[in-house]
Amino acid sequence: MDIQLTPRPWYRKYLWHIIAGMAFLGVLIYTATLAFRPKSVMINNREFKISEASDAHFTEYVNVEGIVKPIQTIKVNALESGFVERIVAEEGAMLSVGDTILILMNPDLTRTLEDEQSNWQNSERNYREQEIEMEQKSIVLRQQALDARHQISSLEKKLRQSREEFKMGIKSKAELEVIEEDFQYQLRRTELQMESLRHDSTATILKRDMIEANRTANNKKLDRCNQRTANLVVRATVAGQLSFLNATIGQQISAGSSVCEIKVLSEFKISTALSEYYIDRISTGQQANIKYQDQLYPLRISKVVPEIKNKTFDCDLVFTGEKPSNIRLGKSYTIQVELGQTENAILIDRGDFYATTFGNWIYRLSADGTRAEKVSIEIGRQNPKQYEILSGLNPGDRVIISGYEKLGNKEEFIIKN
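Predicted model, so just to flag it, every value in this text is computed and none were measured. (Residues numbered from 1 in each chain as written. Predicted model: local features only at pLDDT ≥ 70, side-chain atom pairs only at ≥ 80, totals over all residues. Heavy atoms only, no water.)

Bringing the overall build of the protein into the picture now. When its secondary structure is counted, the protein shows six helices and 22 strands. Counting across all 417 residues of the protein, residues that qualify as buried make up 31%. (Helix = DSSP H or I, 4+ residues; strand = E, 2+ residues; numbered from the N terminus. Buried < 20%, exposed > 50% of the residue type's maximum accessible area, 1.4 Å probe, protein only.)

Taken together, the four strands give an open sheet; going across it, the order is β8-β7-β5-β10, and neighbouring strands pair in antiparallel fashion. Taken across any chain shown, the strands that pair with only one partner, and hence form the sheet edges, are β8 (233-235) and β10 (252-253). Relative to strand β7 (residues 100-105), strand β5 (residues 82-87) runs antiparallel, the two being bridged by four bridges. Bridging across to β7, V84 finds its partner in L104. (Pairing = 2+ DSSP bridges.)

Attention now moves to the sheet that holds strand β3 (residues 54-58). Strand order in this open sheet of four strands is β3-β16-β20-β19, and the pairing throughout is antiparallel. In the strand order of this sheet, the two ends are held by β3 and β19 (378-382), each with one partner. The mean angle between the axes of side-by-side strands here comes to 55°, regardless of whether they run parallel or antiparallel. (Axes fitted to C-alpha atoms, helices over the stretch in contact; angles between N-to-C directions.)

Tallied over the entire structure, the rule returns eight aromatic pairs. Relative to Y278, the ring of Y277 lies with its centre 5.0 Å away and its plane at 85°, an arrangement referred to as edge-to-face. A relative accessible area of 18% places Y278 in the buried class. When the centroid spacing of 5.1 Å and the interplanar angle of 75° are considered together, the rings of W361 and Y363 count as edge-to-face. Here W361 and Y363 have matching classes, each one buried. Put simply, the rings of F353, Y354, W361, Y363, Y387 and Y404 pair up and form one aromatic cluster. Taking NZ or CZ as reference, K331 lies 5.5 Å from the ring centre of Y333, over its face. K374 extends its terminal NZ or CZ atom over the ring of W361, reaching a point 4.3 Å from the ring centre. (Phe/Tyr/Trp six-rings, centres within 6.5 Å; stacked < 30°, edge-to-face > 60°. Lys NZ or Arg CZ within 6 Å of the ring centre and 35° of its normal.)

Here we come to the nonpolar core. Counting residues in each nonpolar core, the largest one holds 23 residues, and the members touching the most others are I348, F353 and I362. Counting only elements with at least two residues in this core, the list comes to β16 (343-349), β17 (361-365), β18 (371-376), β20 (386-391), β21 (398-400), α6 (404-407) and β22 (412-416). Take this core: its biggest share by element is four residues, from β17. Not counting the four nearest positions on each side in its chain, I362 is found in contact with I348, F353, E373, K374, V375, I377, L393, V399, I400, I401 and Y404. One finds L274, I301, F313 and V337 within the second-largest nonpolar core, a separate group that totals 22 residues. (Core = buried A, V, L, I, M, F, W, Y, C linked by side-chain atoms within 4.5 Å. Contact = heavy atoms within 4.5 Å.)

Worth remembering: the numbers are spatial, not functional.
And the structure:
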């Protein structure tokens, strides 16, 4: 008797093929899941530094090193040429206005002065002789005028008497006419003498003025020569500290050449160099400060040199208030130069993430602090302590700001304690 066999299901024939296909599909799905999901890695929270974004006051400033210098350095030049005869003041000496620095000698100038003095004495003698001659001439003219007036007075009396005698018939008309002619002649002569005296007086005044002008010119010439001799003594033009004395005994110094420098120490300035990046944001009058021993000392930019050298430009700052008690030439301070007004902004602390991300993204922590994800941000202004965040973060967000050289460029991190 035949036994009827139950037919096997169709899938039994392909069971191993189906199992293999499902296994392959599972591997494929797992691989795709790993490929397309965010990359993550587990890191230790001690390997990085965290900062919390905050809405706070922000001041944009830059820190630079500055060196204390004198408020002014004055060059002292030789006004006359000569040989250095004696050096009175040494480098580093504190000088007052008019103190002697060095003494020069100039034999040619000495001879010139002697000649000028001799010429001045001769001129003074000539002027005095001319004045005496003019005085004597004026005396003679005045005497002549006096005599003429006396003669006119006598003739006038004689003429009146003669006219009376003519009326009385004592004198003839011819005698009267002779006396009248003599009177008119003498009168005319007196007028000419008076006119000559007036001219002489005018000429005398002009001559005296000319003599006085010549005497003044000669005196000025002699004074200039004496001043040139006095200029052989090189003196301090301002009070301060003598520096850079460029002279030795016997050295020939040319007129107008620089002999030394004097540092004015009544005030100080701080000189510094800023990056060319700030050239358009720095101007005179801008505020700055020095923080020294937990105290701020205010400064003001007094001078900006727009010329850029080695990618920097120079500027000077002066104190606007109290100065540090131990300030001295050559001492360096860290200066905080303000670049703008204080404003509210979203801020995070500075960190090395900027060198890796160029400020385009940052790792933000989850609320529970167990994960960190990569988010895009936009950074605005900055100072040595903080970055201004324009977009991508909100106040209270916590971000990783350091350790990016170890973190790489992952999309997500798992943080373990």
